[in-house]
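Observations on the three-dimensional arrangement
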Amino acid sequence: MSTWLITGCSTGLGRALSEAVVEAGHNAVVTARDVTKVADLAEANPDRVLAITLDVTKPEQVTDAVQKARERFDGIDVLVNNAGYGYRAAVEEGDDAEVRALFETHFFGSVSMIKAVLPDMRKRHSGAIVNISSIGVQLTPVGSGYYAAAKAAVEGMSGALHGELAPLGISVTVVEPGAFRTDFAGRSLVQSSTIIDDYADTAGRRRKENETMHGSQPGDPAKAGAAIVAAIESGEPPAFLLLGDDALFSYRFIAERRAKEVSVWETQTSSTNLDV
């Protein structure tokens, strides 16, 4: 039995993962900005689930959540940075304050959580960190540039963190889900108030009022939660994990297209070395 702390558990993948962790027999510290939305998980499993109010952009709540988890379960074995939301706007349309808030949640919030749990993990020379990203990092869809950038920042940090922590017995896993049947494209989706007509046929098609995928996404959140648990329980968690056939197809398509372009421009790439 291990103890998992999961951020953003009120709905979607965070909720499904919390349920999968409990079903697998582990302890779970389930968090949400509104703790009443996760209280039922603790009420159903009072011995193994602790529900805590947590906004990852508030340092005092991050510290408090980790301390309460330590007091209740004697430490955290697995941290899952899942808290977040979607944001849609053409790059020119993006509101500066909204974009900064997006990065505060996805990137800086994840960093705060990681820094809060690492001292104990380093002392034990064991632990696992799971950072939920998105296949959007690979696809960079029009209208989702800021969201893709925030997740790309998480992935860049995670790669370095993996190298720093592997010698200490701590794993780091980046998870890139495809489209799952959650409220991500519904209630959880934010978009800019600025609308520029020139982007109507590109970013404009992805605005909330034009959303066509919500409610028909192919991915099952419960299966995604079980897959993450299985990956961490494997003993050798992957540094990178795709979830969903759509994510797998997209990743391979982008990789093949990028490799072809690299080949086309290989001469120019190699022409930039100093002549010796």
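- As recorded in an unreviewed UniProt entry, the chain goes by SDR family NAD(P)-dependent oxidoreductase and comes from Mycobacterium vicinigordonae.
- You can read under Sequence similarities (unreviewed entry) in the UniProt record for the chain the words "Belongs to the short-chain dehydrogenases/reductases (SDR) family."

1. Looking at the sheet that holds strand β2 (residues 27-32)
- Read across the open sheet, the seven strands follow the order β3-β2-β1-β4-β6-β7-β9; overall the sheet is parallel. Every other strand in the sheet has two partners, leaving β3 (49-53) and β9 (240-243) as the edge strands with one partner each. Adjacent strand axes in the sheet meet at a mean angle of 20 degrees when their direction is disregarded.
- In terms of strand pairing, strand β6 (residues 127-132) meets strand β7 (residues 170-177) through six bridges, oriented parallel. Residue Asn131 lies in a different strand from β7, and its bridge partner there is Val174.
- This element, helix α3 (residues 59-73), spans β1 (3-6), β2 and β3 of the sheet and lies at about 160 degrees to β3.
- The strands that helix α6 (residues 145-165) touches are β6, β7 and β9; relative to β7, the one it contacts most, it runs at about 155 degrees.

2. A short note on the packing of helix α4 (residues 96-124) against α6
- Where α4 contacts α6, the axes come no closer than 8 Å and their chain directions differ by 20 degrees. Here α4 is positioned roughly parallel relative to α6, judged by the angle of their axes. Crossing of α4 against α6: the hand is right-handed. Contacts between α4 and α6 involve Val99, Leu102, Phe103, His106, Phe107, Val111, Ile114 and Leu118 on the former and, on the latter, Tyr146, Tyr147, Ala149, Ala150, Lys151, Ala153, Val154, Met157, Leu161 and Leu165.
- Tallied by class, the residues present in the contact of α4 with α6 amount to 16 nonpolar, one polar and one charged.

3. A few points about the pairing of β9
- Side chains of β9 alternate between two faces, with Leu241 and Leu243 buried and Phe240 and Leu242 left unburied.
- Across four bridges, the pairing between β7 and β9 is parallel. Looking at β9, one finds that Pro177 is bridged to Leu243.

4. Digging into the pattern of salt bridges
- In the structure shown here, the tally under the stated rule is seven salt bridges.
- For Asp77, the salt bridge is made with Arg124, and the minimal N-O distance between the two is 3.8 Å. Of this pair, Asp77 sits in the loop between α3 and β4 (78-81) while Arg124 sits in helix α4, and the two are 47 residues apart along the sequence.
- With its nearest N and O atoms 3.5 Å apart, the salt bridge here joins Asp201 to Arg205.
- By relative accessible area, Arg205 is classed as exposed at 55%.

5. Focus: the nonpolar core
- One finds Trp4, Leu17, Val80, Val130 and Ile228 to be the most contacted residues of the largest nonpolar core, which totals 29 residues.
- Dropping the residues within four chain positions of it, Val80 is found in contact with Trp4, Leu5, Ile6, Thr7, Leu17, Val130 and Ile132.
- Residues Leu54, Leu118, Ile129 and Val154 belong to the second largest nonpolar core, which totals 28 residues.

6. Some words on the packing of helix α1 (residues 12-23) against helix α7 (residues 221-233)
- In contact at an axis separation of 8 Å, α1 and α7 are set at 55 degrees when each is read in the N-to-C sense. As far as their axial angle goes, α7 and α1 are oblique. Seen along the crossing, α1 lies across α7 with a hand that is right-handed. Along its contact with α1, which presents Leu13, Ala16, Leu17, Ala20 and Val21, the element α7 presents Pro221, Ala222, Ala224, Gly225, Ala226, Ile228 and Val229.
- Among the residues making up the contact of α1 with α7, the classes are represented as 11 nonpolar, one polar and no charged.

Parameters and conventions
Residue numbers run consecutively from 1 along every chain, following the written order of its sequence. The predicted origin of the model limits local features to residues at a pLDDT of at least 70 and limits the giving and counting of side-chain atom pairs to 80 or more, whereas totals for whole chains, interfaces and linings rest on all residues. To get the side-chain values, take all heavy atoms of the structure and skip hydrogens and water. UniProt positions are given in the numbering used here, feature names are shortened, and annotations may be inferred rather than shown by experiment. At least two bridges found by DSSP between two strands are what make those strands a pair. Numbering of helices and strands runs from the N terminus, with a helix taken as a DSSP run of H or I at least four residues long and a strand as a DSSP run of E at least two residues long. Throughout, an axis means a line fitted to C-alpha atoms (over the contacting stretch in the case of helices), and angles, computed between N-to-C directions, take values from 0 to 180 degrees. Any two residues whose heavy atoms approach within 4.5 Å at even a single point are treated as in contact. What sets the label is the angle itself: under 35 degrees gives roughly parallel, over 145 gives roughly antiparallel, 65 to 115 gives roughly perpendicular, and the rest give oblique. Two helices that cross are described as forming a left-handed crossing if the nearer one is turned anticlockwise from the farther one by less than a right angle, and a right-handed crossing if clockwise. Only Asp, Glu, Lys and Arg are considered charged, only Ala, Val, Leu, Ile, Met, Phe, Trp, Tyr, Cys and Pro nonpolar, and every remaining residue, Gly among them, polar. Each residue is assigned to one of three classes by its accessible area relative to the maximum for its type, calculated with a 1.4 Å probe on protein chains only: buried under 20%, partly exposed between the two thresholds, exposed over 50%. Think of a salt bridge as a Lys or Arg side-chain nitrogen and an Asp or Glu carboxyl oxygen that are within 4 Å of each other. The set of buried Ala, Val, Leu, Ile, Met, Phe, Trp, Tyr and Cys residues whose side-chain atoms join them within 4.5 Å is what this entry labels a nonpolar core.

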